[in-house]
Amino acid sequence: MKRLILLIITCYGLLSGYANTDTASDSLLQVLQTLPHDTTRLSTLNDIIKIEQNNYKCIQYSDSLMQEALKLKNDKYASLAAYYHLLYYYNRCEQDSVAKWIVKMEPLVQKSGLWDYFFDARRFQIDLYTFTEQYELAISEANKMKQKALDIDNNRGTVAAYQCLSNAYIGSQRWDEGLKALEEAYRLLPKNGNAVVHISVLSQLISVTKEMKDNYRQLKYLQELENVLRKFIIDNPSLKDGFADVFIFNEIFYAHYYLNTNQPQIAYSHIEKSKKYLTENTYFMYKVLYYDIYAKYYQSIKQYQQASAYIDTTLTMLKKDFTSDYAEQLLKQAKIWVEAGDNNRATTLYQQALAIKDSAAMALSNTQMEQIKKSYNLDKIEPVSYTHLRAHETVLD
């Protein structure tokens, strides 16, 4: 589920929030009405935006923060206001709005020095290129970002650039290059650096090593993520609810590890643990992964009807917006029925899945060819098959 892997990574771009958002927001709004137009007011607006980050009020308060920061010539809070606009539009996949606010943010950051936030914003923009399958553009922009981060000696920017490169490589099925870029990001992580960045990189490594069937490295990164999470929550107990999705992720991928190493009962215990973190506010992709791991578990113990029923749930969730992942789930369902001995049913599912994948591969081939032409100023290039395009990518990189 390559697009879902990207969603897993990018969700860690969200800001740290508050446990009881309604109460906290109402209290701060009352305080705001009594404050003079100075930095105390800017700080309070900043706290309100962190609470309201996932709804339309985020833009309303970010606009206010921007206007008041500019009047006070406070570049720090003006930079943050631009960042919050970016985050809001990024979470809604609005590329044009993200690009607009990147342009507004950069001159403010040059004055404020908030380069960590700027590079986070650039990561949002580049990951949207990958999410919309503009892989060559994502790779080109990630390399530019990496060079800029190196020029100003910004570790977070360099780490983010390698994450972006990994996403683009993996999105275009270049798994070895993707893992290499990710491990470089991991190597560059400061020992006592930002915990959310650490969690983001580790989650990405866990997802990729699981897809590559590298059980040894998957377990290593799972154990490290568990330790980072435990320490973070001990230091920030009020944020535990806000990190429920990360706990779900950790338990689900532990379950994958134990299923891949033929230990279904231990796997089931981790699936059950993940259930306690599941709520109506759980992000969409974690719900898909939750039902998917149940399907894998029931398949492992040969309860094929139940396994297929859980795949049906994921198909319903993925059909509209995740064509490639929908096809992958059809293939999983086909394999379930092959194991169950129902070859007729499996054949129908295989045919449906392969038709979708052939169409997607052709579209990807055409899209990447156009991106390569633009990247290398090639006015004329002979059409090649998707298989041969892979060789062109390696040479041109």
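Residues numbered from 1 in each chain as written. Predicted model: local features only at pLDDT ≥ 70, side-chain atom pairs only at ≥ 80, totals over all residues. Heavy atoms only, no water.

Caption draft 1: Main features of the overall build of the protein chain. The helix and strand inventory of the protein chain stands at 19 helices and zero strands. Considering only intrachain contacts with a sequence separation of at least 6, the fraction spanning at least 24 residues in the protein chain is 62%. (Helix = DSSP H or I, 4+ residues; strand = E, 2+ residues; numbered from the N terminus. Contact = heavy atoms within 4.5 Å.)

Caption draft 2: Summary view of the environment of Ser-207. Counting through the fold element by element, Ser-207 comes out in helix α11 (residues 195-211). Here Ser-207 falls in the buried class, since its relative accessible area comes to 1%. Along the sequence, Ser-207 and Leu-222 sit 15 residues apart, while their C-alpha atoms lie 9.8 Å from each other. (Buried < 20%, exposed > 50% of the residue type's maximum accessible area, 1.4 Å probe, protein only.)

Caption draft 3: Up close: the packing of aromatic side chains. Counting across every chain of the model gives 24 aromatic pairs. Residues Tyr-83 and Tyr-117 carry aromatic rings whose centres are separated by 4.9 Å and whose planes lie at 85° to one another, so their mutual orientation is edge-to-face. Residue Tyr-83 is located in helix α5 (residues 75-90), and its partner Tyr-117 is located in helix α7 (residues 115-131); the two are separated by 34 residues in the primary sequence. Tyr-83 sits in the buried class, given a relative accessible area of 2%. (Phe/Tyr/Trp six-rings, centres within 6.5 Å; stacked < 30°, edge-to-face > 60°.)

Caption draft 4: Seen up close, α5. With 16 residues, α5 ought to run about 22 Å at 1.5 Å a step, and its terminal C-alpha atoms sit 22 Å apart, in line with that. Burial runs high along α5: 14 of the 16 residues are buried. N-capping of α5 is provided by Asn-74, with a side-chain oxygen placed 3.2 Å from the backbone N of Lys-76. (Expected span 1.5 Å × (residues − 1). Polar contact = N/O pair within 3.5 Å; in protein donor to acceptor, adjacent residues only side chain to side chain.)

Caption draft 5: The arrangement of unusual backbone geometry in detail. Its identity is not glycine, yet Asp-153 carries a phi of approximately 55°, on the positive side. For Asp-153, the location among the structural elements is in the loop between α8 (135-151) and α9 (155-171). Phi is positive for Lys-213, close to 60°, though the residue is something other than glycine. Structurally, the position occupied by Lys-213 is in the loop between α11 and α12 (215-235). Classification of Lys-213 by relative accessible area gives exposed; the value is 69%.

Caption draft 6: Representation of the side chain of Ser-308 within the structure. One can find Ser-308 in helix α16 (residues 304-318). The contact partners of Ser-308, leaving out residues within four places of it in the chain, are Gln-333, Ile-336, Trp-337 and Arg-345.

Caption draft 7: Molecular detail of the confidence of the model for the protein chain. Predicted confidence across the protein chain gives a mean pLDDT of 84, with 82% of residues reaching 70 or more. Across residues 9-20 the pLDDT falls below 50, and counting only partners more than four positions away or on other chains, this stretch makes 41 contacts in the model. Segment residues 371-397 is flagged for pLDDT under 50; beyond a separation of four residues in sequence, or across chains, it makes 37 contacts in the model. (pLDDT = per-residue confidence, 0-100.)

Caption draft 8: The arrangement of helix α3 (residues 39-51) in detail. When the terminal C-alpha atoms of α3 are compared, their 19 Å separation across 13 residues agrees well with the 18 Å that a helix rising 1.5 Å per residue should span. Within α3, the full set of buried residues consists of Arg-41, Leu-42, Thr-44, Leu-45, Asn-46, Ile-48, Ile-49 and Ile-51.

Caption draft 9: Geometry of the packing of helix α4 (residues 57-71) against α5. Direction vectors running N to C along α4 and α5 enclose 160°, while the axes themselves pass 8 Å from each other. When the axes of α4 and α5 are compared, the pair comes out roughly antiparallel. The interaxial crossing formed by α4 with α5 has left-handed handedness. Two secondary-structure elements touch here, α4 through Cys-58, Ile-59, Ser-62, Asp-63, Leu-65, Met-66, Ala-69 and Leu-70 and α5 through Tyr-77, Ala-78, Ala-81, Ala-82, Tyr-84, His-85, Tyr-88 and Tyr-89. Residue classes in the contact of α4 with α5 are distributed as 13 nonpolar, two polar and one charged. (Axes fitted to C-alpha atoms, helices over the stretch in contact; angles between N-to-C directions. Parallel < 35°, antiparallel > 145°, perpendicular 65-115°, else oblique. Left-handed = near helix turned anticlockwise from the far one by under 90°. Nonpolar A, V, L, I, M, F, W, Y, C, P; charged D, E, K, R; others polar.)

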